[in-house]
Amino acid sequence: GIGRVKLGHMERYFGSMENAWKASSFQLNQSGLDSNTADAIINCRRAVNPDAEADKLEKNGIQALIYHDEDYPARLREIPDYPPVLFLKGALLASDGMGFAVVGSRVPTTYGKQVTRELAGGIAQTGLTVISGLARGVDTIAHQAALEAGGRTIAVCATGLDIIYPSSNHVLAEKISRQGAIVSEYPPGTRPRPEYFPRRNRIMSGLSLGVVVT
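Remember, predicted model here, so these are calculated numbers, not experimental data.

### Some details on the packing of helix α6 (residues 110–125) against helix α7 (residues 138–148)
- Two elements in contact, α6 and α7, have axes whose closest approach is 8 Å; the angle formed by their N-to-C orientations is 40°. In terms of orientation, α6 and α7 fall into the oblique class. For the element pair α6 and α7, the recorded crossing hand is right-handed. Here Lys 113, Thr 116, Arg 117, Ala 120, Gly 121 and Ala 124 of α6 come into contact with α7, specifically with Val 138, Ile 141, Ala 142, Ala 145 and Ala 146.

### So, empty space enclosed by the protein
- Scanning the model with the defined rule gives one cavity of 30 Å³ or more in all.
- Taken as a whole, the largest cavity spans an internal volume of roughly 30 Å³.
- Surrounding the largest cavity, Gly 133, Cys 157, Ala 158, Thr 159, Tyr 165, Phe 197 and Arg 200 form its lining.
- When its residues are assigned to classes, the lining of the largest cavity shows four nonpolar, two polar and one charged.

### A few points about the layout of surface pockets
- Size it by volume and the largest pocket reaches roughly 1,400 Å³.
- Lining the largest pocket we find 38 residues, and of these Leu 7, Met 17, Trp 21, Val 85 and Phe 87 sit closest to its centre.
- When its volume is computed, the second largest pocket comes out at roughly 240 Å³.
- Surrounding the second largest pocket, 13 residues form its lining, Pro 73, Ala 74, Leu 93, Ala 94 and Gly 97 being those nearest its centre.
- Residue composition of the lining of the second largest pocket, grouped by class: eight nonpolar, one polar and four charged.

### Some points on the packing of α7 against helix α8 (residues 170–178)
- Between α7 and α8, the least distance of the axes is 11 Å, while the angle of their chain directions is 45°. By the angle between their axes, α7 is oblique relative to α8. Relative to α8, α7 is oriented so that their crossing is left-handed. Listed contacts from α8 to Thr 140, His 143, Gln 144 and Leu 147 of α7 are Leu 172, Lys 175 and Ile 176.
- Here the contact of α7 with α8 is built from residues that sort into three nonpolar, three polar and one charged.

### Regarding the environment of Asp 162
- Counting through the fold element by element, Asp 162 comes out in the loop between β5 (153–156) and α8.
- Residues Asp 162 and Met 204, 42 residues apart in the sequence, show an inter-C-alpha distance of 19 Å.
- With residues up to four places along the chain from it excluded, the contact list for Asp 162 reads Asn 60, Ile 62, Pro 188 and Gly 189.
- Side-chain polar atoms of Asp 162 contact the backbone nitrogen of Gly 189, separated by 2.9 Å.

### Description of the environment of Pro 50
- Looking at where Pro 50 falls in the secondary structure, it is placed in helix α5 (residues 50–59).
- Relative accessible area serves as the criterion here: at 44%, Pro 50 is assigned to the partly exposed category.
- Along the chain, Pro 50 and His 143 lie 93 residues apart, while their C-alpha atoms are 34 Å from each other.

Reading the values: the criteria
- Residues numbered from 1 in each chain as written.
- Predicted model: local features only at pLDDT ≥ 70, side-chain atom pairs only at ≥ 80, totals over all residues.
- Heavy atoms only, no water.
- Axes fitted to C-alpha atoms, helices over the stretch in contact; angles between N-to-C directions.
- Helix = DSSP H or I, 4+ residues; strand = E, 2+ residues; numbered from the N terminus.
- Parallel < 35°, antiparallel > 145°, perpendicular 65-115°, else oblique.
- Left-handed = near helix turned anticlockwise from the far one by under 90°.
- Contact = heavy atoms within 4.5 Å.
- 1 Å grid on protein atoms, 1.4 Å probe; cavity = no way out; pocket = protein on both sides within 12 Å on 5 of 7 lines; lining within 4 Å.
- Points joined across faces, edges and corners; volume = space filled by probe spheres on them.
- Nonpolar A, V, L, I, M, F, W, Y, C, P; charged D, E, K, R; others polar.
- Polar contact = N/O pair within 3.5 Å; in protein donor to acceptor, adjacent residues only side chain to side chain.
- Buried < 20%, exposed > 50% of the residue type's maximum accessible area, 1.4 Å probe, protein only.

Here it is in structure tokens:
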């Protein structure tokens, strides 16, 4: 029940997210949160240890970028529903602001595969970053074509970055993290759910100058 808007409100009201995390139920209600949301936060606090979460990130080589961090992608911050936290493996460069998303069918035709490979490879060869979703089909071909062209590519995942989906793309994900980045709004341990995939599309488009659909 807490998204970008409520997180931003809590940070402004309490002065920091650390203060918000430590706030009592009464203080959370005073900040303007309804009782159900305040109760959800209190219950979450009993189950979540921030230090253990930080250790989990470090163990998996994952960074967490907050929306007001300097390294948070400036273009992504411009969309209305930007993710407050962006988890990252690899590196985001300033040049990644010049990127195009290449997405499409999970079961492309032979022609679709050929066109995707030519488009994504051509985009990478010009020095632009190829952005896609690491799914089967067009996404996989787009990432592979960018890597083969010696370019940069970013994969936007609909899972935690410690859970690669589909599992057949595990090796590809490792290559992407060395020659670009894999990112997600979901923390480690998050398994795929159907509703997560359309939601990650806004991140792909938000990172991009444009979107190519094949």
